[in-house]
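# Architecture and fold: a report
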Amino acid sequence: MAVMGDFKQRFSGLLNKLGNQSRLSLSSPSEEILKPITSESNVNTIKKEDEKSLEHPIEILSDDEILEAVEKDYFKDTGFDPSRHELKKIGPKLNCEEILVQSERLHRQQKVVSKKVLSQILTNQRACNEEFERIQNLQSLLRETLIICRDGRSKLNMGKQQLTTTSLGILANYRKRQLLRDLLNSLNTIKTLQRSEEHIQVLLSENRYEDAISQLLECQSAAASLRRFACVAALSGKLQDTLVMTEEQLDVALGKICEKFDETLYGQLQAAYAQLGKTQAAMDQLHMHFTSAIQNTALKVIKNFVGKSVQGAITSGKQYNELCKNVKEENFIPCLQELCTSLWRIVCSHHRVALWHQKHLLDSSSANKGTELEVSFTNEYIRQKMESMQARIWHDVQARFSTYLFSSDLASFKFDNFLQVLGLVHRLMEVGEEFCGSQSEELQKSVRLQSENYFGKYHVGCLEELRIFLENESWTHCPVKNDFSCLQLQEFRSLRGVIQNIHLHEQQKLQQSPDSSNQSQDGSSVAGGFFAKFAESGTPFDLTTFDLQEEDILANIIDEPSGYFSDDSDEDVPEELRGDFVDEGHGENTMHSSEELEVQFENCERVRFEPKKATRGTKGRSRPPQGPLLTNTTLTVLRHCGKYLQMSRLLRTVAMDVIICLTQLFQYYLYAVHTFFTSDLTVDQSSLYSIKLQATLKRINTDLIRPEKLPNSLQQISHDDKKKVPQPHISPIVNLNNAESLFGLSERVVAVESLIFLAEQLDSLRPYLEYLVRHEPRKHLVQQFYLQMVSVASDLRLPVYACISSRTLDLRSMLNMMGRVNWEIKEVSSQHSQYVDFILREMQIFSMRLEEVASHLFISKDVYDTLWEALIIVCCNTFVEGFSNAKKCATGGRALMQLDFTQFTSKLQKLTTLRPIPYKEFVEVYVKAYYLPEELLEKWIREHTQYSSKHLLTLVHCTCQNNKKTRQRLSGVIEELERLGSIK
């Protein structure tokens with residue numbers, strides 16, 4: 001009913017807003033709805049209004065526009081008086097027309113509002129009835145609820161009256177028992193807190209930091225819950241002191257991790273700091289401990305090596321850099337090694353700490369401490385801290401070593417000791433690269449300065465030592481194994497793996513595509529990494545990690561058959577050739593007849609030199625060793641090369657300068673061999689020296705050889721000349737004037753072949769040299785060295801061996817005999833000249849002496865061919881020289897020239913296996929030029945500038961002896977070519 005009354009009140013208030021004259025007095029909504037809409041009063045009212053509207057015509061508006069014109073104040077719920085509102089609008093002067101107009105407007109608005117209300121009522125009449133029914137149902141439910149509540153209260157009052165005083169007493173006693181139990185638990189907890197300190201100390205002594213911190217935090221939590229007890233306040237302070245002490249012990253244990261990493265202990269420490277919520281603070285503290293450990297360890301090592309006798313006076317109050325200066329020279333390397341070993345342990349510990357955190361980060365997703373965002377932030381902080389810590393630690397390590405290296409002068413060290421220093425530093429830089437990817441620029445700078453200072457002096461000493469070796473070298477064969485190579489020398493022990501890997505890589509590049517192999521060529525690093533190999537024991541700086549194998553290069557010399565001769569026994573050799581004495585007399589009285597020479601050449605064909613057959617030789621002779629021909633000086637140069645390459649490998653920043661110095665060793669050796677063994681060359685050199693060899697010798701003489709000072713000269717040596725090497729002089733013990741030994745053939749062969757062997761060894765090292773300087777801007781110098789220096793070593797054979805040829809043959813007698821030949825004969829002769837037999841006999845003697853030398857020295861096929869080539873070149877030059885001495889030459893003389901040379905070449909083929917006969921065209925072309933017509937002779941002269949001006953002038957005079965004008969013209973052409981340098 002209250003709801004119904006409220007509804008009536010609200011509905012009536014709405015109608016009152018429409019105006020006082022249209023207010024409806026409704027007793028109930030149903031009554032208002034059922035009232036007739038078209039009552040008589042309403043009709044009369046409307047009629048009156050229409051009449052008034054005719055008297056005062058107004059603008060005709062629609063209902064919606066009229067409704068929109070109603071003022072907003074009429075829609076207020078409460079506190080609105082429409083009559084007063086309208087009266088306030090009337091001004092102090094009354095205007096009846098305005099009042100009537102306003103009244104008519106209000107009547108129209110009232111009329112429209114009434115229509116709208118009535119239409120809404122009619123539209124929602126059914127819904128209103130349904131709502132009244134629900135209200136009545138709600139009233140009935142409320143009545144039932146009131147009945148249930150009254151019944152419950154009645155039953156509660158009945159239960160209250162039925163309870164007894166005993167039951168309430170039981171409940172009170174139960175509560176007291178619960179309170180006493182809680183008190184007993186609190187007392188037991190307090191007792192446990194008092195005894196917890198001892199248990200915590202036991203856990204700390206057993207390194208069970210996680211359990212200790214966990215128990216300590218539990219005790220603090222329990223003490224906080226028992227603060228109502230007075231005794232707990234003092235106990236809480238004691239627990240706080242224990243916590244502070246425990247954190248100090250954690251910090252001490254964290255400092256020990258720097259020197260020796262223990263995974264279990266470190267895990268306990270990290271778990272303990274995690275429980276304290278100080279993981280990030282622990283990482284900061286760990287950084288400080290590593291920094292302190294590096295400084296303290298380095299200082300401790302230096303103090304141990306300063307010396308006990310003066311330690312107290314020196315180390316007190318001294319800084320690290322001052323103490324380093326007091327380390328004695330004999331203790332420098334042991335101290336450096338100990339410093340490397342000690343700091344390695346610290347770096348290794350940090351590396352293992354980083355690995356532990358990487359593993360921990362992988363499991364961090366399962367952590368339930370803190371939110372996921374906090375765990376992620378902590379992991380990122382640890383990662384960044386470890387990276388920055390790595391860079392800082394390695395910077396501190398470099399600073400310690402740089403200070404130590406700068407504190408001593410290494411110039412007085414032996415080379416092996418200096419290499420050991422470089423080896424330790426190089427290994428340290430490899431550790432740094434694996435540790436944090438650092439190139440150790442600071443450490444490289446310090447060791448580079450020391451190396452440049454040391455190596456500059458060392459190289460000068462090596463060149464001087466090489467000069468002394470060369471000037472005292474006897475040029476005798478040093479027997480080595482057949483498969484000897486420079487890699488078998490002790491100086492190459494640390495390079496063997498690297499060079500072999502590079503050679504293997506080069507072979508794979510030839511067999512595969514360039515991108516098919518990406519393996520590392522530098523085998524200096526330990527497979528798997530230093531931290532993996534030396535994680536548990538040992539260090540990369542132990543001496544046991546270096547290869548100390550002994551070299552075994554010398555050959556076991558035993559008596560074997562000679563490889564110089566053929567399989568035939570010398571019993572089949574004619575007596576004339578087996579004789580120890582050969583008549584070398586000159587002149588017609590000592591000449592053999594042509595028939596005798598024919599027999600000897602036929603027999604000589606059976607015993608000519610067969611170098612490819614390394615089989616049994618002459619009776620009673622042993623085969624010489626067939627290994628590489630080299631000398632002690634060659635081995636010395638190779639040993640120096642090994643040392644130089646070791647320095648280049650250990651210090652890449654100076655590799656280019658060291659390799660340039662290495663090339664100077666080879667250049668000086670080549671220059672010395674040329675100077676020693678070509679000084680007695682008496683024939684024309686144009687056909688013996690290649691253009692590249694001439695340029696190389698000239699460059700070496702300019703860049704490397706110091707000009708000899710005149711005995712009475714006061715000229716001072718320039719600064720640039722001081723860096724050069726004095727001119728070498730051959731040892732007096734080397735005899736190059738003995739005809740029986742072919743004017744030092746053994747010494748010459750050993751010298752030249754040792755040079756070629758040295759070039760071959762350097763050529764085998766070329767891939768490694770190019771690998772060392774692959775990033776250098778001057779790497780083209782290595783290619784230039786091989787193209788201009790190493791490749792010309794074999795070109796030195798011909799001029800050196802030509803010295804033997806020019807002295808073995810009696811060229812003067814040969815020219816004299818050719819000068820006595822009559823070249824003006826008209827008829828063609830069928831008998832060759834006697835000088836041909838003379839030359840062949842000289843060459844036969846040369847062949848026999850060559851066999852004698854080969855009985856104790858292995859002569860290779862290349863040496864054999866070059867010796868004969870040089871001999872033939874000298875003979876051919878002598879032929880042309882002899883032919884050019886002829887003042888006049890007739891047709892028969894020209895035919896005799898061809899006959900003589902043909903006889904010479906045919907018999908020469910029986911003396912040597914060299915095919916084809918070299919330089920043969922030089923003589924044949926010259927002889928054929930005598931048959932050329934005069935008009936073609938000028939063209940021939942311009943095309944054949946290999947002949948001297950004397951040869952060409954003789955040719956012109958003989959062919960143009962009847963034509964003076966042509967002879968003068970061609971002579972002018974020859975002079976012009978000579979002036980231009982085209983001919984000699």
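Just so it is clear, the model here is predicted, and its values are computed rather than measured.

## Notes on the overall build of the protein
Assigned secondary structure in the protein consists of 38 helices and 2 strands. Looking at the protein residue by residue over its 984 residues, the buried ones come to 43%. Contacts spanning at least 24 positions in sequence make up 82% of the contacts within the protein whose residues lie at least 6 apart. Roughly 54,000 Å² of accessible area belongs to the protein as shown, and the carbon and sulfur atoms make up 51% of that amount.

## A word on the confidence of the model for the protein
Mean pLDDT over the protein stands at 77; residues scoring 70 or higher make up 76%. Across residues 1–8, where pLDDT falls below 50, the model places 8 contacts with residues more than four positions away in sequence or in other chains. Across residues 512–521 the pLDDT falls below 50, and counting only partners more than four positions away or on other chains, this stretch makes 8 contacts in the model.

## Some thoughts on the side chain of Lys 724
Within the fold, Lys 724 resides in the loop between helix 26 (719–722) and helix 27 (745–764). Residue class for Lys 724 comes out buried when judged on its relative accessible area of 19%. There is a polar contact of 2.8 Å between the side chain of Lys 724 and the backbone oxygen of Thr 702. The residues touching Lys 724, leaving out its near neighbours within four places in the chain, are Thr 702, Asp 703, Leu 704, Ile 705 and Arg 706.

## A closer look at the packing of helix 18 (residues 441–471) against helix 23 (residues 632–650)
Remark: helix 18 packs on helix 23, axes separated minimally by 10 Å, with the N-to-C direction vectors making an angle of 170 degrees. The angle between helix 18 and helix 23 falls in the class roughly antiparallel. Residues Tyr 454, Phe 455, Tyr 458, His 459, Cys 462, Glu 465, Leu 466, Phe 469 and Leu 470 of helix 18 form the contact with helix 23, whose own contacting residues are Thr 633, Thr 636, Val 637, His 640, Lys 643, Tyr 644 and Met 647. Residue composition of the contact of helix 18 with helix 23, grouped by class: 10 nonpolar, 4 polar and 2 charged.

## Points about the state of the cysteines
Overall, the coordinates contain 0 disulfides when judged by the stated rule. With no disulfide partner, Cys 486 has as its closest neighbouring cysteine sulfur the one in Cys 641, 8.1 Å distant.

## Points about the nonpolar core
As a rule of thumb, nonpolar side chains are buried together in soluble globular proteins. Of all hydrophobic cores here, the largest spans 229 residues; its most connected members are Phe 666 and Met 843. In terms of residues, this core owes the most to one element, helix 24 (residues 655–677), which gives 15 residues. If near-sequence neighbours (up to four positions away) are discounted, Met 843 is found in contact with Leu 809, Trp 868, Leu 871, Ile 872, Cys 875, Phe 904, Leu 908 and Leu 911.

## A short note on the packing of helix 31 (residues 811–819) against helix 33 (residues 861–884)
The N-to-C vectors of helix 31 and helix 33 enclose an angle of 35 degrees; their axes lie 9 Å apart at closest approach. At the point where helix 31 passes helix 33, the crossing takes the right-handed sense. Facing Leu 811, Met 814, Leu 815 and Met 818 of helix 31, the residues of helix 33 in contact are Val 874, Cys 875, Thr 878, Phe 879, Glu 881, Gly 882 and Phe 883. Along the lines of polarity and charge, the residues of the contact of helix 31 with helix 33 split into 8 nonpolar, 2 polar and 1 charged.

## Remarks on the pattern of salt bridges
Per the counting criterion, the structure on display carries 26 salt bridges. Asp 151 is the salt-bridge partner of Lys 155, the closest N and O atoms lying 3.7 Å from each other. A residue pair is termed a helical-turn pair when its members lie 3 or 4 positions apart in one helix, as Lys 155 and Asp 151 do in helix 7 (residues 125–162) at 4 residues. Overall, Asp 151 belongs to the partly exposed group, its relative accessible area being 40%. Here Lys 950 and Glu 881 are joined by a salt bridge, their closest N and O atoms 2.5 Å apart.

## Some details on the packing of aromatic side chains
Summed over all chains, the structure comprises 37 aromatic pairs. Each ring, one from Trp 475 and one from Tyr 669, has its centre 6.2 Å from the other, and the planes form 70 degrees; the classification is edge-to-face. A residue pair is termed long-range when its members are at least 10 positions apart, and Trp 475 in the loop between helix 18 and helix 19 (496–511) and Tyr 669 in helix 24 qualify at 194 residues. Across this residue pair, the class does not change: Trp 475 and Tyr 669 are buried. When the centroid spacing of 5.7 Å and the interplanar angle of 25 degrees are considered together, the rings of Trp 940 and Tyr 947 count as stacked. Accessibility classification places Trp 940 together with Tyr 947 in one group, the buried group.

## Here's the deal with the side chain of Asp 810
Residue placement: Asp 810 occurs in the loop between helix 30 (797–808) and helix 31. The buried charged residue Asp 810 lacks any salt bridge, with Arg 812 as its nearest oppositely charged partner at 6.3 Å. At 2.5 Å, the side chain of Asp 810 and the side chain of Ser 813 are in polar contact.

## Some thoughts on helix 32 (residues 834–854)
For helix 32, spanning 21 residues, the distance from its first C-alpha to its last is 30 Å, which sits close to the expected 30 Å at 1.5 Å a residue. Of all the 21 residues making up helix 32, 19 are buried; the element is thus mostly covered by neighbouring parts of the structure.

## Some remarks on the environment of Met 789
If you trace the backbone, Met 789 turns up in the loop between helix 29 (780–788) and helix 30. By relative accessible area, which is 5% here, Met 789 ends up buried. Through-space distance from the C-alpha of Met 789 to that of Leu 693 is 8.1 Å; in sequence the pair is 96 residues apart. When residues no more than four places from it in sequence are discounted, the contact partners of Met 789 are Phe 666, Gln 667, Leu 670, Thr 696, Arg 699, Ile 700 and Gln 784.

## What about a nonpolar patch on the surface?
Together, Leu 87, Ile 90, Leu 94 and Ile 99 line one region of the surface with nonpolar side chains, adding up to about 380 Å² of accessible area. By secondary structure assignment, the location of Leu 87 is in helix 5 (residues 82–89). The exposure class of Leu 87 is exposed, given its relative accessible area of 59%.

What counts as what
Every residue gets a number counted from 1 within its own chain, in the order that chain's sequence is written. A pLDDT threshold of at least 70 governs which residues receive local features in this predicted model, and a stricter bar of 80 or more applies before side-chain atom pairs are shown or counted, although totals over entire chains, interfaces and linings include all residues. For side-chain calculations, the full set of non-hydrogen atoms in the structure is used, while hydrogens and water are omitted. Per the convention used, a helix needs a DSSP run of H or I reaching at least four residues, while a strand needs a run of E reaching at least two, with both numbered from the N terminus. For each residue, the accessible area found with a 1.4 Å probe, counting protein chains only, is set against the maximum for its type, and the residue is called buried under 20%, exposed over 50%, and partly exposed in between. Note on definitions: a residue-residue contact is assigned when non-hydrogen atoms from the two residues lie within 4.5 Å. In this description, accessible areas are obtained by the Shrake-Rupley approach with a 1.4 Å probe, and a residue is regarded as covered only by the protein chains that are shown. pLDDT gives the predictor's per-residue confidence on a scale running from 0 to 100. N or O atoms within 3.5 Å of each other form a polar contact, as long as, within protein, one can give a hydrogen and the other can take it, and as long as residues adjacent in sequence are counted only when both atoms are side-chain atoms. Axis geometry follows a simple rule: fit a line to the C-alpha atoms, using only the stretch in contact for helices, then measure angles between N-to-C directions, giving values from 0 to 180 degrees. By the definition adopted for this analysis, an angle is roughly parallel if under 35 degrees, roughly antiparallel if over 145, roughly perpendicular if from 65 to 115, and oblique otherwise. Amino acids outside the nonpolar list (Ala, Val, Leu, Ile, Met, Phe, Trp, Tyr, Cys, Pro) and the charged list (Asp, Glu, Lys, Arg) are all regarded as polar, and Gly is one of them. Any two cysteine sulfur atoms lying within 2.5 Å of each other are counted as a disulfide. The definition of a nonpolar core used throughout is a set of buried Ala, Val, Leu, Ile, Met, Phe, Trp, Tyr and Cys residues joined through side-chain atoms within 4.5 Å. In this scheme the handedness of a crossing depends on how the near helix is turned from the far one: anticlockwise by less than a right angle means left-handed, clockwise means right-handed. Salt bridge, as used here, is a side-chain nitrogen of Lys or Arg placed within 4 Å of a carboxyl oxygen of Asp or Glu. We call Phe, Tyr and Trp rings a pair once their centres come within 6.5 Å, taking the six-membered ring for Trp, and we label the pair stacked below 30 degrees between planes, edge-to-face above 60, and tilted otherwise. His is not counted here, nor are the chain ends, while Lys and Arg score as positive and Asp and Glu score as negative. The length a helix should cover is 1.5 Å for every residue beyond the first. To count toward a patch, a residue needs a relative accessible area over 30% and no salt bridge; like charges are then connected within 9 Å, while nonpolar side chains (Val, Leu, Ile, Met, Phe, Trp, Tyr) are connected within 5 Å.

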